[in-house]
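Structural description and commentary
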Amino acid sequence: MALERTFSILKPDATRRNLTGAVNAVIEAAGLRIVGQRRIRMTREQAETFYAVHKERPFFGELVEFMTSGPVVVQVLEGENAVAKYREVMGATNPAQAAEGTIRKQFAESVGENTVHGSDSADNAKIEIAQFFTDADIAA
Ligand code: DAT
Ligand code: MG
């Protein structure tokens, strides 16, 4: 498997609790490199576009509210099999079901406020990275 990139967000519950360094330590310990990183305040429009696939879900409004409720850190992660590797490191969407040692098991407070986002496929990773980064923002 060649080097691959995935898109990550440290969500507002992580920035609010000053956990960005702690989460990054787990990411780096797993062998993923943070090759792009920026702290931003997501606009409502950005959040709605980013999560458009969920717009018919009952939690969509809550999700957009949460993602715009505080700063987030958007990241590009690089490594062997990075998409699947990061999903494994993140743990299950619902932290109550996340495996020991995963980011969500260690840090997430609820299914809605679950600390991190990670792309679910290589194709989506490309689309998501392009929403927030240009090539000039990434240094591998
Ligand atoms: P993931 O973030 O693990 O890829 P997802 O794509 O199914 O999960 O959902 C995107 C986000 O939406 C998730 O991180 C938190 C929120 N969400 C999902 N299911 C939810 C639910 N049942 N109640 C509240 N928020 C939910
Ligand atoms: Mg998802």
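Reading the values: the criteria
Residues numbered from 1 in each chain as written. Chains lettered and ligands numbered in written order. Predicted model: local features only at pLDDT ≥ 70, side-chain atom pairs only at ≥ 80, totals over all residues. Heavy atoms only, no water. Buried < 20%, exposed > 50% of the residue type's maximum accessible area, 1.4 Å probe, protein only. Helix = DSSP H or I, 4+ residues; strand = E, 2+ residues; numbered from the N terminus. Pairing = 2+ DSSP bridges. Arc of directions from axis to C-beta. Contact = heavy atoms within 4.5 Å. Core = buried A, V, L, I, M, F, W, Y, C linked by side-chain atoms within 4.5 Å. Near = heavy atom within 4 Å. Polar contact = N/O pair within 3.5 Å; in protein donor to acceptor, adjacent residues only side chain to side chain. Axes fitted to C-alpha atoms, helices over the stretch in contact; angles between N-to-C directions. UniProt positions renumbered as here; feature names shortened; annotations may be inferred.

The name recorded for the chain in an unreviewed UniProt entry is Nucleoside diphosphate kinase, from Methylorubrum zatmanii.

Let us look at the pairing of strand S3 (residues 72-80). With respect to burial, S3 is a largely interior element, 8 of its 9 residues being buried. The pairing of strand S1 (residues 3-10) with S3 spans 8 bridges and is classified as antiparallel. When the bridges of S3 are listed, Ser8 appears paired with Gln75.

Glancing now at helix H2 (residues 20-29). Buried within H2 we find Val23, Asn24, Val26 and Ile27. For H2, the arc enclosing every buried residue in end-on projection is 155 degrees, short of the 170-degree limit, so these residues lie on one face. Turning to H2, the residues buried within the fold contact S1, strand S2 (33-40), S3, helix H5 (82-90), helix H6 (103-107) and strand S4 (116-118).

One finds Phe7, Ile9, Met67, Val74, Phe132 and Phe133 to be the most contacted residues of the largest nonpolar core, which totals 20 residues. At the level of secondary structure, the elements contributing two or more residues to this core comprise S1, S2, helix H3 (44-50), helix H4 (60-67), S3 and helix H7 (122-132). Looking at this core element by element, the count peaks at 5 residues for H4. Within the second largest apolar cluster, 16 residues are counted, among which are Leu10, Leu19, Leu77 and Met90.

Listed in full, the buried residues belonging to H7 are Ala125, Glu128, Ile129 and Phe132. Mapping the buried residues of H7 onto a view down its axis gives an arc of 100 degrees, with all of them on the same face. The outward face of H7, more than 90 degrees from its buried face, is lined by the exposed residues Asp123, Lys126, Ile127 and Ala130. Those residues of H7 hidden inside the fold are in contact with S1, S2, H3, S3, H5 and S4.

Another aspect to go through is the site of ligand 1. Around ligand 1, the neighbouring residues are Lys11, Tyr51, His54, Phe59, Leu63, Arg87, Thr93, Arg104, Val111, Gly112 and Asn114. Note that an oxygen atom of ligand 1 is positioned 3.0 Å from one of the side-chain N or O atoms of His54. One of the side-chain nitrogen or oxygen atoms of Asn114 is found 2.9 Å away from an oxygen atom of ligand 1.

Another aspect to go through is the sheet that holds S4. The strand order across the open sheet built from 4 strands is S2-S3-S1-S4, with neighbouring strands paired in antiparallel fashion. The open sheet is flanked by S2 and S4, the only strands paired with a single partner. Neighbour-to-neighbour, the strand axes of this sheet turn through a mean angle of 20 degrees, independent of strand direction. Strand direction decides the pairing type here: S1 and S4, joined by 3 bridges, are antiparallel. From the neighbouring strand, Leu10 faces S4, where its bridge partner is Val116. H2 contacts S1, S2, S3 and S4 of the sheet and is inclined by roughly 160 degrees relative to S2.

Next up on the list: the environment of Gln106. On the secondary structure map, Gln106 appears in helix H6. Assessed through its relative accessible area of 45%, Gln106 is described here as partly exposed.

Mapped onto the present numbering, the UniProt feature "active site" (unreviewed entry) falls on His117. Turning to its location among the elements, His117 is positioned in strand S4. Those residues within four positions of His117 in sequence are excluded, and the remaining contacts are Phe7, Ser8, Ile9, Lys11, Phe50, Tyr51, Tyr86, Met90 and Glu128.

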